[in-house]
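Survey of secondary and tertiary structure
Chain residues, written in single-letter form:
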Amino acid sequence: MTSSDDTPILYSYYRSSCAYRVRIALNLKNIPFIIHPVNLLKGETSTEEHKKLNPKGEIPVLIIDGKKLAQSIPIIEYIDETYQTEPRILPQDPYQRYQARLIAEIIASGIQPLQNLCVLKRIGEEKSAAWAHDFIKKGLDAIEKALEESAGKYCVGDQVTIADCCLVPQLYNARRFKVDLTPYPLMTAIDERLNELSAFKDAHPNCQVDYPGEKN
């Protein structure tokens, strides 16, 4: 798929937390983009056509500036470094940048891959919910502890960062898996504030062109 006017194209699935992160980041930077839906449940990432975009057969893939980008965290960093408008998604202060990356990494490496669809299929339907629930809780425990030091209005002080881009999609998934969020007052308060921002509202799975309605 190409865009005749060079508008960025995001290969996305409405409830993919990785694609959700990138939608938030694009919205924060006010970068217009076109969604190209890819249905994970129908195996559309496994097609030869999609593997030309990402040989690992995953989403998101972002076509921007004539380049083909994969993996949500490097995509977000590319957006922030090449579109240097406010807000800066990676803080300028080195320690705050570390704090933001820490939270993002706990989610992107320590939670999301373990509750990913392909992993849950291998675990089997009988055990998958308990598996996902356990690893989500372990990760959220670590994030809540990190927030005790870093949090202000948002995850790192009062500036929206890459940590927030990752937190909101992860809590969306936590609710899908019916994880009790009452032990996490810091992150749930931050999540509530973030979801009042238009960049986050517009990126929500229910607002996507491929959202099927009540069945998600």
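Above this text sits the structure in question.
On a predicted model such as this, the values are computed, not experimentally measured, just so you know. Residue positions within a chain follow its written sequence, with the count starting from 1. Predicted model: local features are reported for residues with pLDDT of at least 70 only, side-chain atom pairs are reported and counted for 80 or more only, and whole-chain, interface and lining totals are derived from all residues. Computation of side-chain values: all heavy atoms of the structure, hydrogens and water removed.

Pairing of aromatic rings covers Phe, Tyr and Trp, the last through its six-membered ring, and needs centres within 6.5 Å; plane angles under 30 degrees mean stacked, over 60 mean edge-to-face, and all others mean tilted. One pass over the structure, following the stated rule, counts four aromatic pairs. Seen from their ring centres, Tyr14 and Tyr211 are 5.7 Å apart, and the 65° between their planes marks the pair as edge-to-face. Of the two residues, Tyr14 is situated in the loop between strand E1 (9–12) and helix H1 (17–28) and Tyr211 in the segment after helix H9 (198–203); the sequence distance between them amounts to 197 residues. Residue Tyr14 is classed as buried on the basis of its relative accessible area, which comes to 2%. Two conditions define a charge located above a ring, namely a distance within 6 Å from the ring centre to NZ of Lys or CZ of Arg, and an angle within 35 degrees of the ring normal. The ring of Phe177 is capped by Arg176, whose NZ or CZ atom sits 5.4 Å from the centre of that ring. Counting from the N terminus, the helices are DSSP H or I runs at least four residues long and the strands are E runs at least two residues long. The cut-offs for exposure are 20% and 50% of the maximum accessible area for each residue type, with area from a 1.4 Å probe on protein chains only; residues under the lower value are buried, those over the upper are exposed, and the others partly exposed.

For Asp180, the location among the structural elements is in the loop between helix H7 (162–176) and helix H8 (185–194). Owing to a relative accessible area of 48%, Asp180 belongs among the partly exposed residues under this scheme. Considering only alpha carbons, one finds Asp180 and Lys137, 43 residues apart in sequence, at a separation of 8.5 Å.

Moving on: the pattern of salt bridges. By definition here, a salt bridge exists when the distance from a side-chain nitrogen of Lys or Arg to a carboxyl oxygen of Asp or Glu is within 4 Å. Applying the stated criterion across every chain yields a total of six salt bridges. Between Lys29 and Asp80 there is a salt bridge; the shortest N-O distance is 2.9 Å. Here Lys29, found in the loop between H1 and strand E2 (34–37), pairs with Asp80, found in helix H3 (residues 72–82); they are 51 residues apart in sequence, far enough to count as distant. Exposure remark for Asp80: the relative accessible area of 1% places this residue in the buried category. Across the salt bridge formed by Glu77 and Arg101, the nearest N and O atoms sit 3.3 Å from each other. Separated by 24 residues along the polypeptide, Glu77 in helix H3 and Arg101 in helix H4 (residues 94–110) bring together distant segments of the chain. Judged by its relative accessible area of 18%, Glu77 is buried. Under the relative-accessibility criterion, Arg101 is labelled partly exposed at 35%. A network of salt bridges, in which partner residues are shared, links Lys29, Asp80 and Arg88.

Packed helices, taken two at a time, are described by the angle their axes make and the gap between the axes. Working convention: axes come from line fits to C-alpha atoms, limited for helices to the stretch in contact. Angles between N-to-C directions cover 0 to 180 degrees. Across the interface, H4 lies against H7 with an axial gap of 7 Å and an inter-helix angle of 30°. Considering their axes alone, H4 and H7 lie roughly parallel with respect to each other. H4 and H7 meet at a crossing whose hand is left-handed. Residue-level inspection shows Ala100, Arg101, Ile103, Ala104 and Ile107 of H4 in contact with H7, the latter providing Ile162, Ala163, Cys166, Leu167 and Gln170. Roughly parallel means an angle under 35 degrees; roughly antiparallel means over 145; roughly perpendicular covers 65 to 115; every other angle is labelled oblique. Take the far helix as the reference: if the near one is turned anticlockwise from it by less than a right angle, the crossing is left-handed, and if turned clockwise, right-handed. Should any heavy atoms of two residues lie within 4.5 Å, those residues are considered in contact.

Of the two faces of E1, the one holding Ile9 and Tyr11 and the one holding Leu10 and Ser12 are both buried throughout. In the sheet, E1 pairs with E2 via four bridges, with the strands oriented parallel. Note that in E2 the partner of Ile9 across the bridge is Ile34. In this region the chain leaves E1, passes through H1 and returns to the parallel neighbour E2; the handedness of that crossover is right-handed. When E1 meets strand E3 (residues 61–64), the two strands line up antiparallel, connected through three bridges. Across the sheet, Ile9 pairs through a bridge with Ile63, a residue of E3. At least two bridges found by DSSP between two strands is the condition for calling them paired. Think of it like this: strands point away, you trace from the first strand over the helix to the second, and a clockwise trace means the crossover is right-handed.

Here the focus is the packing of H3 against H7. Remark: H3 packs on H7, axes separated minimally by 11 Å, with the N-to-C direction vectors making an angle of 140°. Put simply, H3 runs oblique to H7. At the point where H3 passes H7, the crossing takes the right-handed sense. Together, Ile73, Ile76 and Glu77 of H3 and Ile162, Cys165 and Cys166 of H7 make up the contact between the two elements. Taken together, the residues that form the contact of H3 with H7 break down as five nonpolar, no polar and one charged. Gly counts as polar in this scheme, as do all residues outside two lists: the nonpolar Ala, Val, Leu, Ile, Met, Phe, Trp, Tyr, Cys and Pro, and the charged Asp, Glu, Lys and Arg.

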